[in-house]
Amino acid sequence: MSVVLAQAGLSDLKALATLAKECGESRWTEEAFYPGCRGDESEIVLVLREGASIIAYAVMAKEYDNCALYNIGVSPEKRRKGLAARLLAEGLIWGQNQACERCLLEVRASNTGAIGLYECLGFVQDGLRKRYYPNSDGSREDAVLMSKKLETQ
Ligand SMILES: CC(C)(COP(=O)(O)OP(=O)(O)OC[C@H]1O[C@@H](n2cnc3c(N)ncnc32)[C@H](O)[C@@H]1OP(=O)(O)O)[C@@H](O)C(=O)NCCC(=O)NCCS
């Protein structure tokens, strides 16, 4: 079945929250996805659909002169097929079209898979935000801050 790129809308909120949970991102509830799905220019949710299912999502937002990747997730059984790379590349084009200078993101230091993905797409590590993310056992984990310069139009 072919995989189609689309921009998510309000009717996708439930499916997005379900997929985020499968991706271990349980704080990404329907409410969290809402700003990106309501048609506001400053935040969007890009998705890949296979038939009626959403198999990947990326949440992008404009932040002054830059854009940011807020979250990205791929259905566990669809990983390592280049889907996240495809979606993020589209997110970067969106950022360029919004005249953003850089794309910023932060990621858990232990998330080596995601860091590998971002490095593949040309992101570089800018620094650490110490003890930024809470862990379920009460400890905390550093955030790696990454960014990529976007081509100006
Ligand atoms: C991180 C995630 C989005 C990657 O999605 P994906 O579709 O499997 O990634 P891609 O297939 O596009 O990977 C592109 C490249 O990134 C790197 N990469 C991706 N996942 C990797 C992993 N688990 N381990 C090492 N490198 C990885 C590889 O270099 C890969 O290229 P290759 O497969 O040719 O080696 C996916 O694993 C996921 O949804 N994880 C859970 C949610 C999450 O951690 N999100 C990021 C934090 S917000």
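Above this text you will find the structure in question.
Being a predicted model, the structure only gives us computed values, none of them experimental.

Engineer: What should I look at first to understand the pairing of strand S7 (residues 140-149) in this one?
Structural biologist: Each regular strand shows side chains that alternate between the opposite faces of the sheet. Across seven bridges, the pairing between strand S5 (residues 102-108) and S7 is antiparallel. Bridge pairing links Arg 108 to Ala 143 in S7. The pairing of strand S6 (residues 124-134) with S7 spans seven bridges and is antiparallel. Following the sheet pairing, Tyr 133 is matched in S7 by Glu 141. Linkage of S6 to S7, two consecutive antiparallel strands, is achieved through a turn of five residues, within which Gly 138 is found at a positive phi near 95°.

Engineer: Quick question: what am I supposed to make of the site of the ligand here?
Structural biologist: Close contacts around the ligand come from 22 residues, with Arg 79, Ala 84, Ala 85, Gly 113 and Gly 116 the closest. Secondary structure elements with two or more residues in the shell around the ligand: strand S4 (66-74), helix H3 (83-97) and helix H4 (112-120). The biggest single contributor to the shell around the ligand is H4, with six residues. Looking at the shell around the ligand, its residues break down into ten nonpolar, eight polar and four charged.

Engineer: Just to check I follow, could you spell out unusual backbone geometry for this structure?
Structural biologist: Excluding glycine, most residues fall at negative phi; most peptide bonds, likewise, are trans. Positive phi, normally seen in glycine, also occurs at Tyr 64, with a value near 55°. Note that Tyr 64 resides in the loop between strand S3 (53-63) and S4. On the basis of neighbour count, Tyr 64 is assigned to the exposed category, with 7 C-beta atoms found within 10 Å. A positive phi angle, near 65°, is found at Ala 99, a position not held by glycine. Among the structural elements, Ala 99 can be located in the loop between H3 and S5.

Engineer: Can you walk me through the packing of helix H1 (residues 13-22) against helix H2 (residues 30-37) in this structure?
Structural biologist: Helix packing geometry: the angle between the two helix axes and the distance between the axes. The contact between H1 and H2 brings their axes to 9 Å, and the two run at 125°. If you check the angle between H1 and H2, you find them oblique. Regarding H1 and H2, the two cross each other, and that crossing is right-handed. In this structure, H1 uses Leu 13, Lys 14, Leu 16 and Ala 17 to contact H2, whose residues at the interface are Glu 30, Phe 33, Tyr 34 and Cys 37. Of the residues that constitute the contact of H1 with H2, the class distribution is six nonpolar, no polar and two charged.

Engineer: How should the sheet that holds strand S2 (residues 43-50) be read in this particular structure?
Structural biologist: Hydrogen bonds between backbone groups are what pair the strands of a sheet, and the pairing can be parallel or antiparallel. With mixed pairing, seven strands are arranged side by side in an open sheet as S1-S2-S3-S4-S5-S7-S6. The sheet terminates laterally at strand S1 (3-7) and S6, the two strands that pair on one side only. Each strand axis lies, on average, 25° off the axis of its neighbour in the sheet, ignoring direction. The sheet contact formed by S2 and S3 spans eight bridges and is antiparallel. When the bridges of S3 are listed, Arg 49 appears paired with Ile 54. Each of S2, S3 and S4 is contacted by H1, which is oriented at about 95° to S3, the strand it contacts most.

What counts and how
Residues numbered from 1 in each chain as written. Predicted model: local features only at pLDDT ≥ 70, side-chain atom pairs only at ≥ 80, totals over all residues. Pairing = 2+ DSSP bridges. Helix = DSSP H or I, 4+ residues; strand = E, 2+ residues; numbered from the N terminus. Near = placed C-beta within 6 Å. Nonpolar A, V, L, I, M, F, W, Y, C, P; charged D, E, K, R; others polar. Buried ≥ 20, exposed ≤ 12 C-beta atoms within 10 Å, placed from the backbone. Axes fitted to C-alpha atoms, helices over the stretch in contact; angles between N-to-C directions. Parallel < 35°, antiparallel > 145°, perpendicular 65-115°, else oblique. Left-handed = near helix turned anticlockwise from the far one by under 90°. Contact = placed C-beta atoms within 7 Å.

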